[in-house]
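Summary of structural features
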Amino acid sequence: AQRVTQPEKLLSVFKGAPVELKCNYSYSGSPELFWYVQYSRQRLQLLLRHISRESIKGFTADLNKGETSFHLKKPFAQEEDSAMYYCALGDNTNAGKSTFGDGTTLTVKP
Amino acid sequence: GAGVSQTPSNKVTEKGKYVELRCDPISGHTALYWYRQSLGQGPEFLIYFQGTGAADDSGLPNDRFFAVRPEGSVSTLKIQRTERGDSAVYLCASSLWRGQETQYFGPGTRLLVL
């Protein structure tokens, strides 16, 4: 069974500080991992996916298969980064199904 | 262009009633997904359509839940004999085709069963 764990429900940092949102997964195959973000009063949207290896809005995430982690990082947090962040795991044996973590609420204080 | 739309945005019903939730995907998207999100939790997969057919309905919690997509575009999630535990936000998403393509989410339908 696949599982995604986001150990922090809430994370608060000051503007300009580094931020790391943790994500650990459990999956027997080759994982496909994503970070989604939901800003206040907006719909859920894709932030980045590990296969793209890109940086979006200054965020990066590296897949560590040894530690089964996909932590989201940003060196200098901005107030507009305040949002709910969800880590999600795709099932390569069933192309449609994704498993989401329970999310981390990030608050960036001025 | 228009994103994924869902109607109604809010639905209040009484226990035991039947409800239908509608999802209008992005035009041209062949894959459509339904999720349920309870308070304080992440989205939980319910069912996935590729075209008109349900490619995976393993997330439907029981036989009170059913979804259709008769013409490969609009989808309806149907819940019979609603229970208070069905109260949640029901999210719909679509993607260009099957596979781990970017999923575009709708705003959700907030269902409250009294």
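These figures come from a predicted structure and were not determined experimentally.

**So, the overall build of chain A**
- Looking only at helices and strands, one finds zero helices and 11 strands in chain A.
- Going residue by residue from the N terminus, the α and β elements of chain A occur as β-β-β-β-β-β-β-β-β-β-β.
- Scaling as 2.2 N^0.38, a compact globule of 110 residues should have a C-alpha radius of gyration of about 13 Å, and chain A matches this with 13 Å.
- Referenced to the eigenvectors of the C-alpha coordinate spread, the extents of chain A come out at roughly 45 × 30 × 25 Å.
- Burial statistics for chain A: of 110 residues in total, 47% are counted as buried.
- By sequence separation, contacts in chain A at least 24 residues apart represent 60% of the contacts at least 6 residues apart.
- Looking at chain A as shown, the accessible area adds up to about 5,600 Å², and 49% of this sits on carbon and sulfur atoms.

**Overview of the pairing of strand S3 (residues 19-24) of chain B**
Residues and elements named next belong to chain B.
- Because side chains alternate across S3, one face comprises the buried residues Val19, Leu21 and Cys23, and the other comprises Glu20, Arg22 and Asp24, none of which is buried.
- Alignment of strand S1 (residues 5-7) against S3, held across three bridges, turns out to be antiparallel. Bridged to Ser5 within S3 is Asp24.
- Two strands pair when backbone bridges link them, and S3 and strand S8 (residues 75-79) are joined in this way by five bridges, in the antiparallel orientation. Residue Val19 lies in a different strand from S8, and its bridge partner there is Ile79.

**So, the environment of Gln6 of chain A**
Residue and element names in this part refer to chain A.
- Structurally, the position occupied by Gln6 is in the loop between strand S1 (3-5) and strand S2 (10-14).
- Relative accessible area serves as the criterion here: at 9%, Gln6 is assigned to the buried category.
- With 97 residues separating them in the primary sequence, Gln6 and Gly103 have C-alpha atoms 6.2 Å apart.
- A distance of 3.0 Å separates a polar atom in the side chain of Gln6 from the backbone oxygen of Tyr85.

**Re the pattern of salt bridges**
Residue and element names in this part refer to chain B.
- A full pass over the atoms with the stated rule returns eight salt bridges over all chains.
- Residue Glu44 pairs with Arg36 through a salt bridge whose shortest N-O separation is 3.6 Å.
- The shortest N-O distance in the salt bridge between Arg64 and Glu83 comes to 3.6 Å. Remark: Glu83 occurs in the loop between S8 and strand S9 (88-95) and Arg64 occurs in the loop between strand S6 (53-56) and strand S7 (65-68); sequence separation between them is 19 residues.
- Residue class for Arg64 comes out buried when judged on its relative accessible area of 7%.

**Things to note about the layout of surface pockets**
- If you add up the space inside the largest pocket, you get close to 450 Å³.
- In terms of lining residues, the largest pocket is bounded by 21 residues, among which Gln38 of chain A together with Gln37, Leu39, Val89 and Arg110 of chain B are the most central.
- Elements that contribute at least two residues to the lining of the largest pocket include exactly strand S9 (83-90) of chain A together with S9 and strand S11 (109-113) of chain B.
- Taken together, the residues of the lining of the largest pocket sort by class into eight nonpolar, 11 polar and two charged.
- Each pocket or cavity is described by its volume, and for the second largest pocket that value is around 160 Å³.
- Lining the second largest pocket, in full, are Gln38, Tyr39, Ser40, Arg41, Gln42, Ala83, Met84 and Tyr86 of chain A together with Gln37 of chain B.

**Topic: the sheet that holds S3 of chain B**
Residue and element names in this part refer to chain B.
- Here four strands make up an open sheet; going across it, the order is S1-S3-S8-S7 and the pairing antiparallel. Sheet topology places S1 and S7 at the edges, where each strand pairs with a single neighbour. Sheet twist, expressed as the mean angle between neighbouring strand axes with direction ignored, is 15°.

**Topic: the nonpolar core**
- By size, the foremost hydrophobic cluster in this structure holds 25 residues, and its most contacted members are Trp35, Leu72 and Tyr85 of chain A.
- Within the residue set of this core, elements represented by two or more residues are S2, strand S3 (19-21), strand S5 (32-38), strand S6 (45-49), S9 and strand S11 (104-109) of chain A.
- Ranked by residue count, the leading element in this core is S9 of chain A, at four residues.
- Core analysis: the next-biggest nonpolar cluster, separate from the first, contains 20 residues, Ile47, Phe49, Ala88 and Cys92 of chain B among them.

So, how was this worked out
- Residues numbered from 1 in each chain as written.
- Chains lettered and ligands numbered in written order.
- Predicted model: local features only at pLDDT ≥ 70, side-chain atom pairs only at ≥ 80, totals over all residues.
- Heavy atoms only, no water.
- Helix = DSSP H or I, 4+ residues; strand = E, 2+ residues; numbered from the N terminus.
- Rg over C-alpha atoms; globule rule 2.2 N^0.38 Å.
- Buried < 20%, exposed > 50% of the residue type's maximum accessible area, 1.4 Å probe, protein only.
- Contact = heavy atoms within 4.5 Å.
- Areas by Shrake-Rupley, 256 points an atom, 1.4 Å probe, with all protein chains shown as cover.
- Pairing = 2+ DSSP bridges.
- Polar contact = N/O pair within 3.5 Å; in protein donor to acceptor, adjacent residues only side chain to side chain.
- Salt bridge = Lys/Arg side-chain N within 4 Å of Asp/Glu carboxyl O.
- 1 Å grid on protein atoms, 1.4 Å probe; cavity = no way out; pocket = protein on both sides within 12 Å on 5 of 7 lines; lining within 4 Å.
- Points joined across faces, edges and corners; volume = space filled by probe spheres on them.
- Nonpolar A, V, L, I, M, F, W, Y, C, P; charged D, E, K, R; others polar.
- Axes fitted to C-alpha atoms, helices over the stretch in contact; angles between N-to-C directions.
- Core = buried A, V, L, I, M, F, W, Y, C linked by side-chain atoms within 4.5 Å.

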